[in-house]
Amino acid sequence: MARRKICDGDVFIVFDLEWNQPIPGKEYNIDVSSLTGEIIEIGAVKLIYTGGRLIPHGEFSRDIRPKVYRKLHFHVKKVTHKSNADLLNGVPFEEAYTDFAEFCGEDAVLAGWGNSDTDMLKMNLAFLGMDDKLPWKFIDVQPLFSLFAGQDGKQRSVEFAVDYYDIPKEEVFHSATADAKYTARIMQSIFERSAQDKVEDAASDQIIDCNIKREYSHTGAPCRTQAQALSLVSGFNSKCPFCGRKFNVKTPLFRIRKSSYGLFECPNDGDFFGRTRVKKNGEGLYYAAAVLRLANQNDIFLIESKKAEFDRFGTSGRPVEKSEQIINKKCQKDDNSY
Ligand SMILES: [Zn+2]
């Protein structure tokens with residue numbers, strides 16, 4: 001995958017989406033897993049890279065009238081402050097997306113906070129039978145912020161970053177249009193406050209093709225022992241899922257409790273983060289679930305901190321307090337449901 005180097009005249013479209021969700025227990029005449037969220041707002045700000053700075057060049061905002069999930073999910077209602085009546089004022093998604101594509105132009109790089117928005121955009125396009133291949137590249141601003149603001153790979157919120165850079169809070173958070181504006185201000189601040197070559201390199205490195213699959217998973221067959229279960233999926237971490245080349249091992253797999261971690265490098269495609277978890281099925285047998293994904297800065301920090309934990313405490317990991325254990329259990333549950 002060729003890395004794209006940032007240069008003068010490059011167009012960045014900082015965008016954000018709001019989507020509605022199916023209401024649990026309600027019957028829909030579609031398979032809800034094919035549309036886990038229906039987009040109800042697109043907000044965007046155009047920034048053009050000029051002499052080391054990102055200069056604003058127009059804004060975009062559309063409210064969209066949903067076709068399937070027409071009643072707001074209580075959580076969406078609470079977070080976005082929208083009402084069911086507001087939804088009726090929107091335009092059809094097809095029209096909003098056509099306008100958005102025109103606003104972006106052909107060679108733009110989309111920028112967002114986290115990478116869930118491009119996936120949601122593609123899901124909505126596919127659901128409506130439209131071409132779901134996005135004609136743009138993508139950069140995730142969140143790990144870039146984490147890197148330049150010394151956040152050690154922590155996933156911070158837009159509001160945290162707004163506070164960090166003292167950006168005035170002129171609008172209410174959690175509308176797509178307001179969050180796109182805030183994210184644009186954050187991205188501008190990262191570029192303004194950092195050495196030009198350093199931020200150019202880091203940002204260029206993180207521009208990806210949002211149409212390629214970034215994450216691969218593999219689940220092994222059930223076995224009697226944890227070691228057998230792990231050995232069944234060990235080959236999964238040996239070569240690049242994109243081009244098939246053999247990986248160079250940067251951090252060999254090491255195990256903390258039920259998870260193994262490793263960092264691998266493909267000469268073509270860059271660093272990959274690997275994590276394998278051993279689980280137990282209903283019959284008491286062990287099986288391993290492995291995930292391999294293009295590593296972002298957060299993954300690299302995660303590997304570093306887990307490796308430090310392993311070096312100090314070994315496979316049993318850092319001893320946890322009882323109250324902490326309960327929290328961990330809950331987090332793991334949330335994590336697994338993803
Ligand atoms: Zn490769």
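Since we're looking at a predicted model, the values are computed, not measured. (Residues numbered from 1 in each chain as written. Predicted model: local features only at pLDDT ≥ 70, side-chain atom pairs only at ≥ 80, totals over all residues.)

Visitor: Would you explain the overall build of the chain in this entry?
Guide: In terms of regular secondary structure, the chain is built from 11 helices and 11 strands. Whereas a compact globule of 338 residues would reach a radius of gyration of roughly 20 Å, the chain reaches 22 Å, a difference of no more than 12%. On the principal axes, the C-alpha backbone points of the chain span a range of 60 × 55 × 40 Å. Residues classed as buried in the chain amount to 33% of the 338 residues present. Pairs at least 24 apart in sequence give 66% of the contacts found in the chain among residues at least 6 apart. (Helix = DSSP H or I, 4+ residues; strand = E, 2+ residues; numbered from the N terminus. Rg over C-alpha atoms; globule rule 2.2 N^0.38 Å. Buried ≥ 20, exposed ≤ 12 C-beta atoms within 10 Å, placed from the backbone. Contact = placed C-beta atoms within 7 Å.)

Visitor: Help me understand the packing of helix α5 (residues 141-148) against helix α8 (residues 196-206) in this model?
Guide: Between two packed helices, the angle of one axis relative to the other and the distance separating the axes together describe the packing. The interhelical angle for the contact between α5 and α8, taken along N-to-C directions, is 150°, at an axis separation of 10 Å. Classified by the interaxial angle, the pair formed by α5 and α8 is roughly antiparallel. Crossing geometry of α5 relative to α8 is assigned as right-handed. Note on element contacts: α8 touches α5 through Val199, Ala202, Ala203 and Gln206, opposite Pro143, Leu144, Leu147 and Phe148. Each residue belonging to the contact of α5 with α8 can be placed in one class, and the counts come to seven nonpolar, one polar and no charged. (Axes fitted to C-alpha atoms, helices over the stretch in contact; angles between N-to-C directions. Parallel < 35°, antiparallel > 145°, perpendicular 65-115°, else oblique. Left-handed = near helix turned anticlockwise from the far one by under 90°. Nonpolar A, V, L, I, M, F, W, Y, C, P; charged D, E, K, R; others polar.)

Visitor: Whenever I open this one, helix α7 (residues 176-192) confuses me. Can you help?
Guide: An α-helical segment advances 3.6 residues per turn. Residues three or four places apart therefore align on the same side. Taking 1.5 Å per residue as the helical rise, α7 with its 17 residues ought to reach 24 Å, and the 24 Å between its terminal C-alpha atoms agrees with that figure. In terms of burial, α7 is largely enclosed, as 15 of its 17 residues are buried. (Expected span 1.5 Å × (residues − 1).)

Visitor: What should I look at first to understand the sheet that holds strand β9 (residues 259-266) in this one?
Guide: The strands making up a sheet are joined through hydrogen bonds of the backbone, oriented either antiparallel or parallel. Strand order in the open sheet formed by five strands is β7-β11-β10-β9-β8, and the pairing between neighbours is antiparallel. Two strands bound the open sheet, and with one partner strand each, they are β7 (215-219) and β8 (248-256). Taken pair by pair, the neighbouring strands of this sheet meet at an average axis angle of 15°, ignoring direction. (Pairing = 2+ DSSP bridges.)

Visitor: Looking at this model, I keep getting lost on the domain arrangement of the chain. Mind explaining?
Guide: Interfaces are often sized by the amount of accessible area the parts lose when they come together. Annotation of the chain at the domain level lists domain 1 (11-209) and domain 2 (215-336). Placing a centre on the C-alpha atoms of domain 1 and another on those of domain 2 gives a separation of 30 Å. The interface is formed by eight residues belonging to domain 1 together with six residues belonging to domain 2. Residue composition of the side of domain 1 that touches domain 2, by class: two nonpolar, four polar and two charged. (Domains from an automatic or database assignment.)

Visitor: Whenever I open this one, the sheet that holds strand β6 (residues 208-209) confuses me. Can you help?
Guide: An order of β3-β2-β1-β4-β5-β6 is seen for the six strands of this open sheet, with the pairing classed as mixed. Here the strands that pair on one side only, and so sit at the sheet edges, are β3 (53-63) and β6. Taken together, the three bridges between strand β1 (residues 11-20) and strand β4 (residues 109-112) define a ladder with parallel strand orientation. Of the residues in β4, the one forming a bridge with Val14 is Ala111. Sheet strands touched by α5: β4 and β5 (137-140). Its angle to β5, the strand with the most contacts, is close to 40°.

Visitor: Hey, could you run me through unusual backbone geometry in this one?
Guide: Glycine aside, negative phi is the norm for most residues, and most peptide bonds take the trans geometry. One non-glycine residue with positive phi stands out, namely His81, at about 60°. Its 12 C-beta neighbours within 10 Å are what place His81 among the exposed residues.

Visitor: Help me out: how do you make sense of the nonpolar core in this one?
Guide: Generally speaking, nonpolar side chains in soluble globular proteins are found buried as a group. Counting residues in hydrophobic clusters, the biggest one holds 50 residues, and the most contacted among them are Ile13, Val14, Val109, Leu110, Ala111 and Met187. Residue contacts for Val14: discarding those within four places in its chain leaves Ala44, Val45, Leu47, Ala111, Ala180, Thr183, Ala184 and Met187. Core analysis: the second largest hydrophobic core is formed by 19 residues, Leu230, Tyr286, Leu294 and Ile303 among them. (Core = buried A, V, L, I, M, F, W, Y, C linked by C-beta atoms within 7 Å.)

Visitor: How do you make sense of the pairing of β3 when you look at a structure like this?
Guide: Residues in a regular strand project their side chains so that they alternate between the two faces of the sheet. Looking at chain direction, strand β2 (residues 38-50) and β3 are connected through nine bridges and run antiparallel. Residue pairing in the sheet places Ala44 in a bridge with Phe60 of β3. Linking β2 back to β3 in an antiparallel pair, the connection comprises two residues, with Gly51 at a positive phi of about 55°.

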